[in-house]
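Below are the chains, spelled out letter by letter.
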Amino acid sequence: MATTYDFPSDLLAGQEELHQVRAELSALLKRLPWSVVPLDGFSDDNGWRKVERPASPGWTADEQAEVEKLRQREHELAVFVSTHRYWSELAGSDRVAARSQLKHAHGVPPEKTDGTP
C-alpha cells in the first residue's frame, strides 16, 4: 500500500491555489489572441506541418496586466510549495513520492469514516 502523508494545511492550501491559478491562467491564455502585439496573419506550409494564424489585434493593457498578475502569483505559489519547511522532514524517495502525492491531493475526496463507499 502506498504511504500517505500528513501534509500541513498551509501546504495543501498553497498547492490547491497553485492549481487554481494555473487553470485560470491557461484558460485566459486560450481566450486571448495568439500574439501580445498586433501582427498580421500568416500561412506557412514549408515546415513539417502547415501553420496558419489569423491577424492578431494584440492584447489590451488590462489583458497584459491580468496575465502578469497571474504569472506572478503562480511563481509565488510555486516557490512557497517547493520550499515549504515540510519537505525538510522527508528524505530522498520519500520526498519525491510525497511531492507527487501532494500534486494530486486536491482531487482526492476525503475518506469517509462511517464505512460507506
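Because the structure is predicted, anything quoted here is derived from the model rather than measured.

### Comments concerning a nonpolar patch on the surface
- A surface patch of nonpolar side chains, amounting to about 400 Å² of accessible area, comprises W34, V36, V37, L39 and F42.
- Residue classification places W34 among the partly exposed residues on the basis of a relative accessible area of 33%.

### Structural notes on the confidence of the model for the chain
- Overall, the prediction assigns the chain a mean pLDDT of 89, with 90% of residues at 70 or greater.
- Ranking the elements of the chain by mean pLDDT puts strand β1 (residues 42-44) last with 91 and helix α2 (residues 61-82) first with 98.
- Every residue in residues 108-117 is under pLDDT 50, and counting partners more than four places away or in other chains gives 1 contact.

### Topic: the packing of helix α1 (residues 9-31) against α2
- The geometry of α1 relative to α2 is characterised by a closest axis approach of 9 Å and an angle of 150° between their N-to-C directions. As judged from the angle between their axes, α1 and α2 are roughly antiparallel. Handedness of the crossing formed by α1 with α2: left-handed. Where α1 abuts α2, its residues D10, L11, G14, Q15, E17, L18, V21, R22, E24, L25, L28 and L29 lie against E66, V67, L70, R71, R73, E74, L77, A78, F80 and V81.
- Class assignment of the residues belonging to the contact of α1 with α2 gives a composition of 12 nonpolar, 2 polar and 8 charged.

### Comments concerning the side chain of S35
- Following the sequence through the fold, S35 ends up in the loop between α1 and β1.
- Here S35 falls in the buried class, since its relative accessible area comes to 7%.
- From its side chain, S35 meets the backbone oxygen of V37 in a polar contact 2.6 Å long.

### Thoughts on the pattern of salt bridges
- Tallied over the entire structure, the rule returns 6 salt bridges.
- For R73, the salt bridge goes to E17, with nearest N and O atoms at 2.9 Å. One end of the pair, R73, is in helix α2; the other, E17, is in helix α1, with 56 residues separating them in the sequence.
- Here K50 ties to E52 by a salt bridge, and the two come within 3.4 Å at their closest N and O atoms.
- One salt-bridge network, in which partners are shared between bridges, spans E17, R73 and E76.

What counts and how
Residues numbered from 1 in each chain as written. Predicted model: local features only at pLDDT ≥ 70, side-chain atom pairs only at ≥ 80, totals over all residues. Heavy atoms only, no water. Patch = residues over 30% accessible without salt bridge, like charges linked within 9 Å, V, L, I, M, F, W, Y side chains within 5 Å. Areas by Shrake-Rupley, 256 points an atom, 1.4 Å probe, with all protein chains shown as cover. Salt bridge = Lys/Arg side-chain N within 4 Å of Asp/Glu carboxyl O. Buried < 20%, exposed > 50% of the residue type's maximum accessible area, 1.4 Å probe, protein only. pLDDT = per-residue confidence, 0-100. Helix = DSSP H or I, 4+ residues; strand = E, 2+ residues; numbered from the N terminus. Contact = heavy atoms within 4.5 Å. Axes fitted to C-alpha atoms, helices over the stretch in contact; angles between N-to-C directions. Parallel < 35°, antiparallel > 145°, perpendicular 65-115°, else oblique. Left-handed = near helix turned anticlockwise from the far one by under 90°. Nonpolar A, V, L, I, M, F, W, Y, C, P; charged D, E, K, R; others polar. Polar contact = N/O pair within 3.5 Å; in protein donor to acceptor, adjacent residues only side chain to side chain.

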